[in-house]
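Residue strings, one per chain:
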Amino acid sequence: MNPHETKFGFQTIKESEKVERVGKVFNSVSSNYDLMNNLMSLGLHNVWKKILIDTSSLKPKAKILDIAAGTADLTLAFAKANKSYEILQTDINHSMLMEGQKKLINNGEIIPAITCDAEALPFPNNYFDCVTIAFGLRNMTKKEVALREVYRVLSPGGKVLILEFSHIYQPLQKIYDTLSFKIIPMLGKFFAKDELSYKYLVESIRVHPTQEELKTMMEAEAFEKVSYRNLSAGIVAIHKGYKF
Ligand SMILES: C[S@@+](CC[C@H](N)C(=O)[O-])C[C@H]1O[C@@H](n2cnc3c(N)ncnc32)[C@H](O)[C@@H]1O
């Protein structure tokens, strides 16, 4: 890849085009996002998000920033976990955040949402106790810039938790590939009338850094005590890192 190119699924595109291409995907899937998430993961995404919250071990009144919050599942789960948390959610995509706002209001929660790019966060240095990104990092154009921004806004002693699709235990790779490349775009076609967005989803998982590569990227941005935990045989992983 040339310096100003990046991956959009299996395609190599100009970096300057990625935000728009990813934006089109999430504009298209926003209204069916929750249904498709439940179907594709057989509801497991809720378990993975619950594990992230259990992993966070935050004190009451912790300041939490949920980046790429989308339809607000994780934001809502944090709000329910402890009423004293001060939560803020962001996403680059307005339609996704609007779906999230409906869900939060239906659950009796009012949580501020800001539409912004994770690669240029409009927040001061050293503010949040915890920053989370669930299934968002792989869609970002310059992941290292987003990680640098997360580090900047974390307060000393704060932590980042990244829940993302990752690389499955090797012996299961073939069956996982067969199932995901065939079934997920088919579900997308049938339920969301959008096969291409779900093809992108599967491809974007394959080109995302491995568990070890992401750990190294985080360490390169100055995160300390970086560790990860594989869930569901590595279908997803939670990476954790601290700013001291
Ligand atoms: C797969 S959804 C995840 C939503 C939610 N966190 C969840 O776990 O269900 C990915 C989200 O990342 C957002 N996103 C993509 N690129 C982004 C960026 N550069 N900055 C902020 N959000 C971004 C998309 O708009 C989308 O809402």
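Right above here is the structure, for reference.
Residues numbered from 1 in each chain as written. Predicted model: local features only at pLDDT ≥ 70, side-chain atom pairs only at ≥ 80, totals over all residues.

## Description of the site of the ligand
Line of reasoning, step 1. In the region of the ligand, 21 residues are neighbours, and Ala68, Gly70, Asn93, Ala118 and Ala134 sit closest.
Line of reasoning, step 2. In the shell around the ligand, the residues fall into 12 nonpolar, 5 polar and 4 charged. (Near = placed C-beta within 6 Å. Nonpolar A, V, L, I, M, F, W, Y, C, P; charged D, E, K, R; others polar.)

## So, the sheet that holds strand E7 (residues 154-165)
Sheet strands pair by backbone hydrogen bonding; their relative direction is either parallel or antiparallel.
Line of reasoning, step 1. With mixed pairing, the 7 strands of this open sheet are ordered in space as E5-E4-E3-E6-E7-E9-E8. Every other strand in the sheet has two partners, leaving strand E5 (113-115) and strand E8 (224-231) as the edge strands with one partner each. Sheet twist, expressed as the mean angle between neighbouring strand axes with direction ignored, is 15 degrees.
Line of reasoning, step 2. Of the pairings in the sheet, the one linking E8 to strand E9 (residues 236-242) comprises 6 bridges and is antiparallel in character. Each bridged residue has a counterpart across the sheet, and for Ser227 the counterpart in E9 is Lys240.
Line of reasoning, step 3. Running over the sheet, helix H3 (residues 44-56) touches strand E6 (128-134), E7, E8 and E9 and is turned about 160 degrees from E7. (Pairing = 2+ DSSP bridges. Helix = DSSP H or I, 4+ residues; strand = E, 2+ residues; numbered from the N terminus. Axes fitted to C-alpha atoms, helices over the stretch in contact; angles between N-to-C directions. Contact = placed C-beta atoms within 7 Å.)

## Quick notes on the environment of Val202
Line of reasoning, step 1. Looking at where Val202 falls in the secondary structure, it is placed in helix H8 (residues 195-206).
Line of reasoning, step 2. Val202 sits in the buried class, given 21 other C-beta atoms within 10 Å.
Line of reasoning, step 3. Sequence separation between Val202 and Val226 is 24 residues; the distance between their C-alpha atoms is 26 Å. (Buried ≥ 20, exposed ≤ 12 C-beta atoms within 10 Å, placed from the backbone.)

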